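Structural description and commentary
So the chains spell out like this:
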Amino acid sequence: MGFTPTGRHLVAGDWIEGEDFFSSAPAQGPVHRFSIGTSALVNRACETAEDAFWHFGYSKRSERAAFLRLLAEEIEVRGEAITAIGSQETGLPAARLQGERARTTGQLRLFADHIEEGFYLDRRTDGALPDRQPVPRPEIRMMQRPIGPVAVFGASNFPLAFSTAGGDTAAALAAGCPVVVKGHSAHPGTGEIVAHAVDAAIGRSGVHPGVFSLIQGNNREIGQAIVQHPRIKAVGFTGSLAGGRALFDLCAARPEPIPFFGELGSVNPMFLLPQALKARPEALAQGWAASLTMGAGQFCTNPGIAIVVDGRDADRFTAAAGEALGKVAPQTMLSDGIARSYHEGQARMAERNAVRAVLATPMSGRDVSPSLFETSSERFIADHAMGEEVFGPLGLVVRASSVEDMEHLARAFAGQLTATIHMEPSDLAAARRLLPILERKAGRVLVNGFPTGVEVADAMVHGGPYPASTNFGATSVGTLSIRRFLRPVAYQNLPRDLLPEDLDG
Ligand code: NAP
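Note that the coordinates shown come from a computational prediction; the quantities given were computed from them, not determined experimentally.

The rules we used
- Residues numbered from 1 in each chain as written.
- Predicted model: local features only at pLDDT ≥ 70, side-chain atom pairs only at ≥ 80, totals over all residues.
- Heavy atoms only, no water.
- Helix = DSSP H or I, 4+ residues; strand = E, 2+ residues; numbered from the N terminus.
- Rg over C-alpha atoms; globule rule 2.2 N^0.38 Å.
- Buried < 20%, exposed > 50% of the residue type's maximum accessible area, 1.4 Å probe, protein only.
- Contact = heavy atoms within 4.5 Å.
- Areas by Shrake-Rupley, 256 points an atom, 1.4 Å probe, with all protein chains shown as cover.
- Lys, Arg positive; Asp, Glu negative; His and termini not counted.
- Charge placed at Lys NZ, Arg CZ, Asp CG, Glu CD.
- Domains from an automatic or database assignment.
- Buried area = accessible area lost by both parts, 1.4 Å probe.
- Salt bridge = Lys/Arg side-chain N within 4 Å of Asp/Glu carboxyl O.
- Polar contact = N/O pair within 3.5 Å; in protein donor to acceptor, adjacent residues only side chain to side chain.
- Nonpolar A, V, L, I, M, F, W, Y, C, P; charged D, E, K, R; others polar.
- Pairing = 2+ DSSP bridges.
- Axes fitted to C-alpha atoms, helices over the stretch in contact; angles between N-to-C directions.
- Phe/Tyr/Trp six-rings, centres within 6.5 Å; stacked < 30°, edge-to-face > 60°.
- Lys NZ or Arg CZ within 6 Å of the ring centre and 35° of its normal.
- Near = heavy atom within 4 Å.
- Core = buried A, V, L, I, M, F, W, Y, C linked by side-chain atoms within 4.5 Å.

Let's shift gears to the overall build of the protein. Across its full length, the protein holds 15 helices and 21 strands. Here the C-alpha radius of gyration of the protein, 24 Å, is about what a compact globule of 505 residues would show, namely 23 Å. When the backbone C-alpha atoms are referred to their principal axes, the protein occupies close to 75 × 70 × 40 Å. Here the protein, with 505 residues, has 57% of them falling under the buried criterion. The long-range fraction of contacts in the protein, counting pairs at least 24 apart against all pairs at least 6 apart in sequence, stands at 77%. As displayed, the protein offers around 20500 Å² of accessible surface, 52% of which is attributable to carbon and sulfur atoms. Charge separation in the protein, taken as the distance between the mean sites of 47 positive and 54 negative side-chain charges, equals 3 Å.

Next comes the structure, spelled out in structure tokens:
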């Protein structure tokens, strides 16, 4: 099934063509023309989202669950066409996009089941104590309520699972919040076809059309107008540190500041403890190389830094990693801009005196090869820029002088999405000392695994202290992500007939 984008915005059920246009820049296949949003359209989308909230925010959980399931079906109906245009726009292989689609529909169905169970409402009751002295206690009931219209910004590296109907949109809709999506300019056609799926699900379920709008564009003004619109009550963002920080600051500077849930970059350090490094340096190196180059390294959970204790085992590990990475064929990056940033990041690393290049293949254009560098812990700690994310298949080995030095290094890291320990049972004492430090740094701590591949589940945390995220108390993956778009309301002494339906029991 072929799909040719109309290039229009979807605003509360209407497909609208703009006056100004931008052209897509696909990795392969035809270029298409897309409308650029305006502040008038942003206003219309946000006002209709507010209108929709008065219905959707008070709808039965079963109705919202049915809508989410219909949306999953409508995405599946368009499955092949989504893969085709997604692959053209992003250069990602078909198999990767099929997997991502399954993750996206699985997420919608998981959230539907989750809200039907009702635990997420976190209902609490303090019974009345009319005879309490010196003052009686009234009955107090509490539950979580949706916060209102939510703005969503997708990421270029997950055109389905972190985009138009991805995690943030699914979480907001599950909570009862209408969504205004700023379409990502790197995959506008993929965004549009998914918006068609949302439109069809709205039609079939009968929910208010204002629950979803997609505004396309390739300029900063649209995103800025959305986050500053007074009807928007929270923002879900997945993307770069620079973009996320700019929008976060705008949210904080509003007359009414709103929460900005930004999932930003991370270098995801891996600590290879001495006995593990001694027992399996080659296997660790090969596993790392595979994780580092998955999707051309364009994963926020890409483990960019491996920390080892200096010595012969470290030499074997580094040589094996260089060899494994050297065998990886060039891969196409998601956009020209991301490829350019990778080239610049690689060049910056190569220029540092404190760094030795193990593998640095000369390259240009959108097809890139992996790079590997190494340095000492002392030099790493002295140069903060070495700890910044280079988005792409770039690895840095940091050689510590001892296990104690590894702990010292761990303390120097900024906030991370993940931190990994590779260990043998005989490394337990060292791992026990490292764990409390890593817990303070990362949203997810792993042992003997690689952080790429984030399970969508109840216990998953995809977040972490800044700059991994702008809100360390939240996750953007898993059922707990719904919580971001809720706020607790206490109902004191309300007669039973007045209580919201979900509390009446
Ligand atoms: P991006 O360049 O920040 O773009 C994300 C979205 O925000 C786009 O729609 C973009 O608009 C918009 N935007 C960016 N800066 C803006 C600004 N100053 N004002 C208004 N709008 C702005 O990110 P990306 O290239 O898509 O994603 C790659 C980055 O995301 C990597 O650094 C990666 O590590 C990170 N990432 C993080 C996670 C996570 O969960 N932590 C997951 C995936 C990716 P345009 O479309 O007009 O450019």
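Alright, that's what it looks like, and here's the rest.
Under the domain assignment used here, the protein contains domain 1 (9–264 + 469–503) and domain 2 (270–447). Taking only C-alpha atoms into account, the centre of domain 1 sits 34 Å from that of domain 2. With 13 residues of domain 1 at the interface, the matching set in domain 2 holds eleven residues. Taking both partners together, domain 1 and domain 2 bury about 900 Å²; carbon and sulfur atoms supply 60% of that area. Scanning the region where domain 1 abuts domain 2 turns up zero salt bridges. Where domain 1 packs against domain 2, one counts three residue pairs in polar contact (both at pLDDT 80 or more). Partitioning the side of domain 1 that touches domain 2 into residue classes produces seven nonpolar, three polar and three charged.

Let us now look at the sheet that holds strand β20 (residues 442–447). If you walk across this open sheet you meet the seven strands as β15-β17-β18-β13-β12-β19-β20, and the pairing is mixed. Only two strands of the sheet have a single neighbouring strand rather than two, namely β15 (356–360) and β20. Across the sheet, the axes of successive neighbouring strands diverge by a mean angle of 20°, strand direction being ignored. Sitting on the sheet, helix α11 (residues 312–326) is in contact with β12 (270–272), β13 (305–309), β15, β17 (371–376) and β18 (394–400), with an inclination near 160° to β17. Across the face of the sheet, helix α14 (residues 403–412) comes into contact with β12, β13 and β18 while running at roughly 155° to β13.

So, about the packing of aromatic side chains. How two aromatic rings sit relative to each other is set out by the distance from centre to centre and by the angle between their planes. Under the defined criterion, the tally for this structure stands at 14 aromatic pairs. Ring centres of Phe261 and Phe485 lie 5.8 Å apart, and the angle between their planes is 85°; on these two criteria the pair is classed as edge-to-face. Remark: Phe485 occurs in the loop between β20 and β21 (486–492) and Phe261 occurs in strand β11 (residues 260–263); sequence separation between them is 224 residues. For the pair shown, Phe261 and Phe485 are each scored as buried. Seen from their ring centres, Phe271 and Phe413 are 6.3 Å apart, and the 80° between their planes marks the pair as edge-to-face. Of this pair, Phe271 sits in strand β12 while Phe413 sits in the loop between α14 and β19 (416–422), and the two are 142 residues apart along the sequence. Since its relative accessible area comes to 0%, Phe271 is described here as buried. Each member of the aromatic cluster is reached from another via a ring pair, and the members are Phe153, Phe237, Phe248 and Phe260. If you follow Arg33 out to its NZ or CZ, it ends over the ring of Phe21, 3.7 Å from the centre. Against the face of Phe158 rests Arg96, its NZ or CZ located 5.0 Å from the ring centre.

The next thing to look at is the site of the ligand. Neighbouring residues of the ligand: 29 residues in total, closest His184, Ser240, Leu264, Glu389 and His462. His184 places a polar side-chain atom, nitrogen or oxygen, 2.6 Å from an oxygen atom of the ligand. Between the ligand and Arg220 there is a distance of 3.1 Å, counted from an oxygen atom to a side-chain nitrogen or oxygen. Relative to its free-state accessible area of 910 Å², the ligand is covered by the protein chains to the extent of 92%. Going through the elements one at a time, α7 (220–228), β10 (234–238) and α8 (241–253) are the ones with two or more residues in the shell around the ligand. For the shell around the ligand, the class distribution of residues is ten nonpolar, 15 polar and four charged. Taken domain by domain, the makeup of the shell around the ligand includes at least three residues from each of domain 1 (9–264 + 469–503) and domain 2 (270–447).

This part is about the nonpolar core. Grouped together as the largest cluster of nonpolar side chains are 93 residues, with contacts concentrated most on Phe67, Leu71, Val211, Phe212, Ile307, Ile482 and Phe485. Taken domain by domain, the makeup of this core includes at least three residues from each of domain 1 (9–264 + 469–503) and domain 2 (270–447). With sequence-adjacent residues up to four places away left out, Ile482 is seen in contact with Phe111, His114, Ile115, Tyr120, Ala171, Ala174 and Ala175. Among the nonpolar cores identified, the runner-up in size contains 26 residues, and Leu41, Ala49, Ala151 and Val235 belong to it.

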